[in-house]
Every structure is written in structure tokens, then in C-alpha cells.
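Okay, here's what each chain looks like letter by letter:
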Amino acid sequence: MAGFETLRLDRDGPIARITLNRPAQLNAINPQMLEDLSRACEVIEDDRSLKVVTLAAEGRAFCAGADLRTVQELSPDPQKWEAFTRLWHRVFNRIEALPVPVIAGVHGMALAGGLELTMVADLVIADEEARLGDQHANFGLVAGGGGSQRLPRLIGLRRAKELMLLGHWLSAREALEWGLINRVVPAGQLREKLNEQAGQLASLSG
């Protein structure tokens, strides 16, 4: 489907596929990506024949978090920064509230806002070489995409504090053990396994 600047939205029968497509920026999140994600949600919400959504990314990483150029441009202006974070919350809440299951496929890294993006999916599959982490503290930032609320619900308060305060990475296996993701797949097989699970879900949906 045409008309998106920062992602692709494709359809395969009852499956909608969102693919983040800013590979040169490691799929970092800027206002345009949020607008594109919101429009993708609108398309999905309006199509009752869809049963599953997959969320993946092009390039070397799933998502490196907020685009640092956006942060540098907007953060000095409180009104602009507040508008950006409000947009972020609205869009992530909209993804979380989609009427069909969303499966995220993580490769490379899911960092800060990218980790928050995985948290609004219903299921998360990760490549065994992927790394996930909340790096906001390393940049003097706080989780602005709902991570401070969603992360403790997923993995418990103690582990959430550790991840947010220390700003370190988890391997895919560690993320699985912590309950942050659902499944780890062999390197190079992420798309195949993502599509396989989406097909299984679509076949089970009424």
C-alpha cells in the first residue's frame, strides 16, 4: 500500500505486514514514523477481514529508539517536546488497542523507544543474535513511550528497575528468560518464523 514515508504496509490475505523502513537511521522513531504508524493502524482498523498484524523492520536493526535529531530539535522547546511525546503515546496506545493480534519480529537491536514498541505488540519473536534494552538513562532521558508503565507489568518491578536504571542490554535468551519476549529463533530465520506464526494465528481466528 502506497503513501507511507517511513514504513511499508503490505497485505497477504488476512495478514497485514508493517515493515519499518528507515534502515539508514536504524529505524529510529521520528514524528513522521509515528504519523505513518497511526495511518497504518487506521487502515487495519477499517479492514475487518484482517486477522493478524506483523511488525518488523528493514536494515540492521528493529528500532534504535527515538531519532536523536528529533530529540535535539524538539527537547529544548517544552511545548514541541510535549506534543511529540503525546503523539508517541497516542500512537503506541493505538497499536496496543488494535482489534487483531500484533506480532513483533526483532532483529539487531530494540533499544529504548524500540523496546517500548515491542511492548505494545501482543507477541514478540526475536532473532537469537538480537539485543534488547532500555538505554534512556544513558542519555539523560526517561522512557517516554509508556515503557515505565508497561515494562513492570511484563517483567516485574525489580527487573524493570534494573533494566531502566542501569541502561544495559539483554541478549535474546535473557529477554526470553525475563519474560520480555515469547520466542527466540535461529539467526536468519526471523522472517520465516514470524510469517509462520502469523499464519497459525490467522488460521485459528474466527
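Bear in mind the structure is a predicted one, so any value in this text is a computation, not a measurement.

About the criteria used
- Residues numbered from 1 in each chain as written.
- Predicted model: local features only at pLDDT ≥ 70, side-chain atom pairs only at ≥ 80, totals over all residues.
- Heavy atoms only, no water.
- Disulfide = S-S within 2.5 Å.
- Helix = DSSP H or I, 4+ residues; strand = E, 2+ residues; numbered from the N terminus.
- Polar contact = N/O pair within 3.5 Å; in protein donor to acceptor, adjacent residues only side chain to side chain.
- Contact = heavy atoms within 4.5 Å.
- Pairing = 2+ DSSP bridges.
- Axes fitted to C-alpha atoms, helices over the stretch in contact; angles between N-to-C directions.
- Salt bridge = Lys/Arg side-chain N within 4 Å of Asp/Glu carboxyl O.
- Buried < 20%, exposed > 50% of the residue type's maximum accessible area, 1.4 Å probe, protein only.

Chemist: Account for the state of the cysteines, naming residues and giving values.
Modeler: Here the structure, examined in full by the defined rule, presents zero disulfides. Left unpaired, Cys41 is separated from the closest cysteine sulfur, that of Cys63, by 15 Å.

Chemist: Would you mind going over the side chain of Thr118 in detail, with residue names and values included?
Modeler: Relative to the helices and strands, Thr118 is located in helix α4 (residues 113-119). One polar contact links the side chain of Thr118 to the main-chain carbonyl oxygen of Leu115, over a distance of 2.6 Å. Sequence-distant contacts of Thr118, that is, excluding residues within four places in its chain, are made with Phe62, Val106, Ala110 and Val124.

Chemist: An account of the sheet that holds strand β6 (residues 123-127) is needed here, citing residue identities and associated values.
Modeler: Here six strands make up an open sheet; going across it, the order is β1-β2-β3-β4-β6-β9 and the pairing mixed. Sheet topology places β1 (7-12) and β9 (183-185) at the edges, where each strand pairs with a single neighbour. Going from strand to strand, the sheet's axes swing by 20 degrees on average, the running direction of each strand aside. Relative to β9, β6 runs parallel, the two being bridged by three bridges. Pairing of Ala126 across the sheet is with Val184, part of β9.

Chemist: Mind laying out the pattern of salt bridges, listing which residues take part and the relevant values?
Modeler: Once the charged atoms of two side chains with opposite charge are near each other, the side chains can pair. Within the structure shown, the criterion is met by nine salt bridges. Here Arg8 makes a salt bridge to Asp10, at a shortest N to O gap of 3.7 Å. Here Asp10 falls in the partly exposed class, since its relative accessible area comes to 31%. Linking Arg17 and Asp12 is a salt bridge whose minimum nitrogen-to-oxygen distance equals 3.0 Å.

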